[in-house]
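The residues making up each chain are set out below.
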Amino acid sequence: IHPPNNNSNNSNNINTQTTLLIGGSNGTATLISILCDKSNPRNAGHVVRVATRSAAKYLESDGGGDDTTDGTTGGRRPRTWRCHEKKHLSDVVSSDLLPVKLVEHVGRPDGVFVYDQEDGTAGGTAGGTAVDSNHEHDRGQDIAATLSPLETAISGIGSHDNGGVADLIVLCCPVSAHLALLRRVARALYRLDQWGLLGHGAGTDATRMGSHSNRLPPILIGSLYGAGGFDWMSRIAFLKERPAGFSGQWRRPLGLFCLKAFPYLTKSLKAGEVTLHGRYPQIQAAVSPSNAAVRRRAKVLLDRLLQNEETGKKLEFLGLSGKEELGGDGTCADEELVWRDSMKAIDSHIGAASSIYTANSARNAVMMMAAQSRHHATGKSGASSSAVTASVPPPILLSQSNHLGNAATQSHQQPRPPPSPLLDLLTTPTLSDAADPSSALAFLTCTLNSTNQILHPCILVALFRNPTHPHLSDADGTISWNPNRELTPLPRFYADGAAKPEAGRLITAIAGGEMYFVIDALERLMCPRGYDPITALHGGEPVGRRVMNFLGNSPHDLGERSGLTDFVLRREWRRMFGGVEDEENDYPTSSNATNNSNASNDRQQAYGAKPNLIRREGLLSKLMSYGLSHNARLNAVLSPCIVVQPSQQYKFESSFNTASATNANDNDNNNNNNNKTLEEGTILIKPDTSTRFFSDDLQHGLCIYLGLAELLGFDLERDMKVTLYVVRRLQRWMGKEFVLPDSRDDHHANANGKGAGKVKLVAHAKDVAETSAPQAFGVETIGDLKRFLELDVFGERRTERAEGCLMKSGLISKL
């Protein structure tokens, strides 16, 4: 049994693509509306499937459907979604004062696959449960019948959309759901790989099971938002789910990707309708493995997914191979230069056959790049050159150009390798790709430069503070709110929360200070000398980054002024060259130390976080509050809160124009503290700790910074005190312990079974395993982190396979 041909209906050379969206988020609804809008000719040939647990959200409540047109099985058909998009004059600086164009998108997915808690259960599906009766083998029918909904959605076996195996698998979900969904995807892929259902290469006997498919392009798996260590979660998921019988190498190659920032600001308050308030101004991605072929594959698929041709946005790749302005060596810029001229000539044939795409297009890309590079080089030197220029297709493209019209003959075409020296350039990686083959640093850039993980927790702390009755907000964030006076039913998260001065102060202290200490020191230890892919993208949007650099507040500046980068490098020197910790020599002192008696105190003041380290901090705090509270894309977002029900916690006794609210759980004790006078119409609200504002941005955001700072040897109470304050306040509202509430003694560590010794605020916390801090998965030193990042993101066993071949060799057998 093999999946349907992805391009069997492609007689008109329409570029085909099959995208699987996993998750029931608003991002899924937005992409459905845009990509499945049949009135847009650019969507022709694009098959979109949805795999979700939210059956009520993505399936119509009534039955019926047309098997031949909507891909249903005669039951509940996929829901049609309508997206109302606000197109601002500029996505960089969006304002309601500038013209806004309203655009409507209407679309319905080609199939919806509903999975249960267990992947092996059938659940209920639309567009995915039927078994194709045309399969020739009984064994194939048995396998198709046992596929789970997610396996069906990936493989295309039994689907009616004729999209074949998914080209692109996109996780549209909160960061906190990444690991769980990646484990589902890993289980499904391992089973499909075992049965040979992920596609077969050109010239492969269709009757053979388990044939290798390395000539097909990689299936790309990723997330629209790469915060929380997405590649970390992939390593964990594929290692955890790897079956004992896995050969150690995937038969169909896989690729991993994530975006640095979520591309949409979208909200849905009603099933079938979603509002797109704006798009993020930049689209930057990390991809693994790091090579030209995978980057090209990712660009083709993601450009179509994110409508880059229509919006005029460009996909930029992060990491050591990125553009020089992004901290890389410019490899991607060279590739882009070549593809810009050759893309139309080659991409017009991508949809003809996926096997030809992989065999030719990826090689053509590198070959044209090499040819044009030689042309530019000789042109600069004034010498003549006979090298092939970008305007002349290389021999490998010419040899195949006459066969692109017939998919039947394409599957048997054997690409011919180009002549030297182009052959060398096709098969040799760049230094940057070789230095970081899995793009771990690119993914780390996404993890450490995501803005939401800093903005949201700080705004929560500022918004849910009750200055009149602080004991209420200190305990669980309860505050009062008057909808009549404030003119909104609930506080607006940015317009009301970010407008508070405390929000600006907290964000600036973390995003412009403590975060920079971590990324500058970590980058020095993890990146090859001369590269800065993490710090080059510090901060949020480009405007803020330029302001911080202009004021001398870049990560390098803060790392140097704090002395923390120097401190980390001294610790690394001891590890490499030996020696013991020596406060006299390891920690810098200021030049005004006069005697040994105050040298220790002077050293304490000479390094680490200290007042006035951030230049123009007060001004930056005000600008931060103003910018966030007046952003047209953000001002409609309501705060994540719940109304405290009077029948449950509070009883109200109206008296003229006031109401007395008394805690009903107490008797008559502490009446002086619990009796409040509330203005008529005022309600009590508290933050909803079950939302992603907590689970994503605290556990999988700020906790990562604290964990990395602990790996680097920082004194968290001194160097990360604002971040600690925010995390401790929010975790108290959640009833959790992601960091120790007190570092002055080790009774918490002993109580959590961590043992006595030096207290580690992150590693010894009771609930650290619920975070994405490195300590949650056993990484407690920089060396541990480096070894962890050497693991394959898809669970391949390269070392074991090499050792196995060696042990079976004739030489070893004679020893």
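For the structure itself, consult the block above.
Cut-offs applied
- The residue count restarts for each chain, going from 1 along the sequence in the order it is written.
- pLDDT decides what is reported in this predicted model: residues at 70 or higher carry local features, side-chain atom pairs at 80 or more are listed and counted, and totals for whole chains, interfaces and linings draw on all residues regardless.
- Calculation of side-chain values draws on the structure's entire complement of heavy atoms; hydrogens and water are dropped beforehand.
- Put simply, DSSP marks the helices as runs of H or I at least four residues long and the strands as runs of E at least two long, and each gets a number from the N terminus on.
- Each residue's exposure class comes from its accessible area (1.4 Å probe, protein chains only) as a fraction of the maximum for that residue type: buried when under 20%, exposed when over 50%, partly exposed otherwise.
- Two residues qualify as a contact provided that any one of their heavy atoms is within 4.5 Å of a heavy atom in the partner residue.
- For the accessible areas, the method is Shrake-Rupley and the probe is 1.4 Å, while residue cover comes only from the protein chains on display.
- A strand pair is defined by DSSP finding two or more bridges across the two strands.
- In this description, a line fitted to the C-alpha atoms serves as the axis of each element, helices being fitted only across the stretch in contact, and the angle between N-to-C directions of two axes falls anywhere from 0 to 180 degrees.
- Only protein atoms enter the 1 Å grid used here. Points where a 1.4 Å probe fits but cannot escape make up a cavity, open sets with protein on both sides within 12 Å along at least five of seven lines make up a pocket, and a residue lines them when an atom lies within 4 Å of a point.
- Grid points are joined across faces, edges and corners, and a volume is the space filled by probe spheres set on the points.
- Nonpolar residues are Ala, Val, Leu, Ile, Met, Phe, Trp, Tyr, Cys and Pro. Charged residues are Asp, Glu, Lys and Arg, and all others, Gly as well, are polar.
- Only four residue types enter the charge count: Lys and Arg as positive, Asp and Glu as negative, with His and the chain ends excluded.
- By salt bridge we mean one thing: a side-chain nitrogen of Lys or Arg within 4 Å of a carboxyl oxygen of Asp or Glu.
- Polar contact is defined as a pair of N or O atoms within 3.5 Å, subject to the rule that within protein one atom must be able to donate a hydrogen and the other to accept it, and that residues adjacent in sequence are counted only when both atoms are side-chain atoms.
- Helix crossings fall into two classes, left-handed where the near helix is turned counterclockwise from the far one by less than a right angle and right-handed where it is turned clockwise.
- This arc is built from the directions going out from the helix axis to the C-beta atoms.
- Note that the term roughly parallel is reserved for angles under 35 degrees, roughly antiparallel for angles over 145, roughly perpendicular for angles of 65 to 115, and oblique for everything else.
- Ring pairs shown here join Phe, Tyr and Trp side chains whose ring centres sit within 6.5 Å, with only the six-membered ring taken for Trp; geometry is labelled stacked below 30 degrees between planes, edge-to-face above 60, and tilted in between.
- We call a charge positioned over a ring when the NZ of a Lys or the CZ of an Arg lies within 6 Å of the ring centre and within 35 degrees of the ring normal.

Asker: Whenever I open this one, the overall build of the chain confuses me. Can you help?
Answerer: Along the backbone of the chain there are 34 helices and 19 strands. Counting all 815 residues of the chain, 54% fall into the buried class. Across the chain, the fraction of contacts at a sequence separation of at least 24, relative to all contacts at a separation of at least 6, is 74%. Approximately 35,600 Å² of the chain is accessible, and the part contributed by carbon and sulfur atoms is 50%.

Asker: So what exactly am I meant to see when it comes to the sheet that holds strand 19 (residues 683-687) here?
Answerer: Within a beta sheet, neighbouring strands are joined by backbone hydrogen bonds and run either parallel or antiparallel to one another. The strand order 14-19-15 describes an open sheet built from three strands, whose pairing is antiparallel. Both outer strands of the open sheet, strand 14 (479-481) and strand 15 (641-643), are each paired with one neighbouring strand and no more. For this sheet the average axis-to-axis angle between neighbouring strands, irrespective of direction, equals 40°. Strand direction decides the pairing type here: strand 14 and strand 19, joined by three bridges, are antiparallel. If you follow Ile479 over to strand 19, its bridge partner there is Ile685.

Asker: I would appreciate a short explanation of the environment of Pro483 in the present structure.
Answerer: Along the chain, Pro483 falls in helix 18 (residues 483-486). Residue Pro483 is classed as partly exposed on the basis of its relative accessible area, which comes to 23%. When the C-alpha positions of Pro483 and Thr682 are compared, they lie 7.0 Å apart, and in sequence the two are 199 residues distant. Look past the residues within four positions of Pro483 in its chain and what remains in contact with it is Thr488, Pro489, Gly681 and Ile683.

Asker: Sorry if this is basic, but what is going on with empty space enclosed by the protein here?
Answerer: The rolling of a water-molecule-sized probe over the atoms marks out the regions of remaining empty space. The full count for this structure, using the stated rule, is six cavities of 30 Å³ or more. Estimates place the volume of the largest cavity at around 170 Å³. Taken together, 13 residues line the largest cavity, and the ones lying closest to its centre are Lys299, Leu315, Phe317, Cys332 and Glu336. Secondary structure elements with two or more residues in the lining of the largest cavity: helix 7 (292-305), strand 13 (315-317) and helix 9 (331-347). Here the lining of the largest cavity gets five residues from one element, more than from any other, and that element is helix 9. For the lining of the largest cavity, the per-class residue count stands at five nonpolar, no polar and eight charged. Approximately 90 Å³ is the volume found for the second largest cavity. Around the second largest cavity, the lining is made up of 14 residues, and of these Ser290, Leu318, Gly319, Ser321 and Ser439 lie nearest the centre.

Asker: Before we go on, may I ask you to explain the side chain of Asp767 in this structure?
Answerer: Here Asp767 lies in the loop between helix 31 (747-751) and helix 32 (782-789). At 4.5 Å, Lys766 is the nearest oppositely charged side chain to Asp767, a buried residue that forms no salt bridge. Of the polar contacts made by the side chain of Asp767, one reaches the backbone nitrogen of Glu737; its length is 2.7 Å. Look past the residues within four positions of Asp767 in its chain and what remains in contact with it is Lys736, Glu737 and Phe738.

Asker: Any chance you could explain the pairing of strand 12 (residues 283-288) here in plain terms?
Answerer: Looking down a regular strand, the side chains alternate between one sheet face and the other. Judged by how many residues are buried, strand 12 sits mostly within the fold: six of six residues are covered. Alternating positions in strand 12 separate into two faces, Ile283, Ala285 and Val287 on one and Gln284, Ala286 and Ser288 on the other, with burial throughout. With four bridges connecting them, strand 9 (residues 254-259) and strand 12 associate as antiparallel partners. What sits directly across from Cys258, in strand 12, is Ala286.

Asker: When you look at the pattern of salt bridges in this model, what are you seeing that I'm missing?
Answerer: Opposite charge on two side chains makes pairing possible when the charged atoms of those side chains draw close. Inspection of every chain in the model, using the stated rule, returns 31 salt bridges. The salt bridge partner of Arg575 is Glu572, with a shortest N-O separation of 2.6 Å. Placement of the pair is Arg575 and Glu572 together in helix 23 (residues 564-577), with a separation of three residues, close to one helical turn. Note that Arg728 is salt-bridged to Glu717, the shortest N-O span being 2.9 Å.

Asker: Help me understand the packing of helix 16 (residues 452-463) against helix 20 (residues 501-526), please; the structure alone is not making it clear to me.
Answerer: Each packed pair of helices is defined by two parameters, the angle between the axes and the distance between the axes. Put simply, helix 16 and helix 20 touch, their axes get as near as 8 Å, and they point 145° apart. The handedness of the crossing between helix 16 and helix 20 is right-handed. The residues of helix 20 that touch helix 16, namely those facing Ile454, Leu455, Cys458, Ile459, Val461 and Ala462, are Glu502, Ala503, Leu506, Ile507, Ile510, Ala511 and Met515. The class makeup of the residues in the contact of helix 16 with helix 20 is 12 nonpolar, no polar and one charged.

Asker: What exactly am I supposed to notice about the sheet that holds strand 3 (residues 81-88) here?
Answerer: The strand order across the open sheet formed by four strands is 4-3-11-10, and the pairing between neighbours is mixed. At either margin of the open sheet sits one strand with a lone partner, and together these are strand 4 (100-107) and strand 10 (264-270). Across this sheet, the average inter-strand angle for adjacent strands is 20°, counted without regard to direction. Taken together, the eight bridges between strand 3 and strand 4 define a ladder with antiparallel strand orientation. For His84, the partnering residue across the bridge sits in strand 4 and is Glu104.

Asker: Would you mind showing me how to read the side chain of Asn449 here?
Answerer: When you line up the elements, Asn449 lands in the loop between helix 15 (440-448) and helix 16. Polar side-chain contacts of Asn449 include one of 2.9 Å to the backbone oxygen of Ile534. Aside from chain neighbours lying at most four places away, what touches Asn449 is Lys260, Met515, Ile519, Ile534, Leu537, His538, Gly539 and Tyr705.

Asker: I keep staring at helix 21 (residues 542-550) and nothing clicks. Help me out?
Answerer: Counting along an α-helix, one turn takes 3.6 residues, and residues three or four places apart therefore face a common direction. Listing the buried residues of helix 21 in full gives Pro542, Arg545 and Met548. Along the axis of helix 21, the buried residues cluster in a sector spanning 125°; they form a single face. In helix 21, the exposed residues that point more than 90 degrees away from the buried face are Arg546 and Phe550. As for helix 21, its buried residues are in contact with helix 20 and helix 26 (617-629). Of the residues flanking the end of helix 21, it is Gly552, one or two places downstream, whose phi is positive at about 80°.

Asker: Teacher, can you tell me more about the packing of helix 20 against helix 32 here?
Answerer: As a packed pair, helix 20 and helix 32 sit with axes 11 Å apart at the nearest point and diverge in direction by 60°. Between helix 20 and helix 32, the crossing angle belongs to the class labelled oblique. Pair helix 20 / helix 32 crosses with right-handed handedness. Contacts from Leu522, Leu525 and Met526 in helix 20 reach Ile782, Leu785, Lys786 and Leu789 in helix 32.

Asker: What am I meant to see in unusual backbone geometry here?
Answerer: Residues other than glycine predominantly adopt negative phi, and peptide bonds predominantly adopt the trans conformation. Cis peptide bonds are those with omega within 30 degrees of zero, and the linkage from Ser288 to Pro289 qualifies with 0°. Mapped onto the elements, Pro289 comes out in the loop between strand 12 and helix 7. At Asn612, a position not held by glycine, the phi torsion is positive, near 65°. Looking at where Asn612 falls in the secondary structure, it is placed in the loop between helix 25 (599-606) and helix 26. Of the residues examined, Asn612 reaches a relative accessible area of 73% and is grouped as exposed. Despite not being glycine, Arg616 shows a phi value in the positive range, around 55°.

Asker: Help me understand the packing of aromatic side chains, please; the structure alone is not making it clear to me.
Answerer: Applying the stated criterion across every chain yields a total of 14 aromatic pairs. Judged by centre distance (4.9 Å) and plane angle (35°), the rings of Phe777 and Phe788 are tilted. Taken together, the residues Phe777 in the loop between helix 31 and helix 32 and Phe788 in helix 32 connect sequence positions 11 residues apart. Assessed through its relative accessible area of 22%, Phe777 is described here as partly exposed. One aromatic cluster in this structure is built from Tyr190, Phe238, Phe246, Trp250 and Phe794. A cation over an aromatic ring shows up here: Arg235 above the ring of Phe788, its NZ or CZ 5.9 Å from the ring centre. The positively charged end of Arg692 is found above the aromatic ring belonging to Phe693, 5.0 Å away from the centroid.

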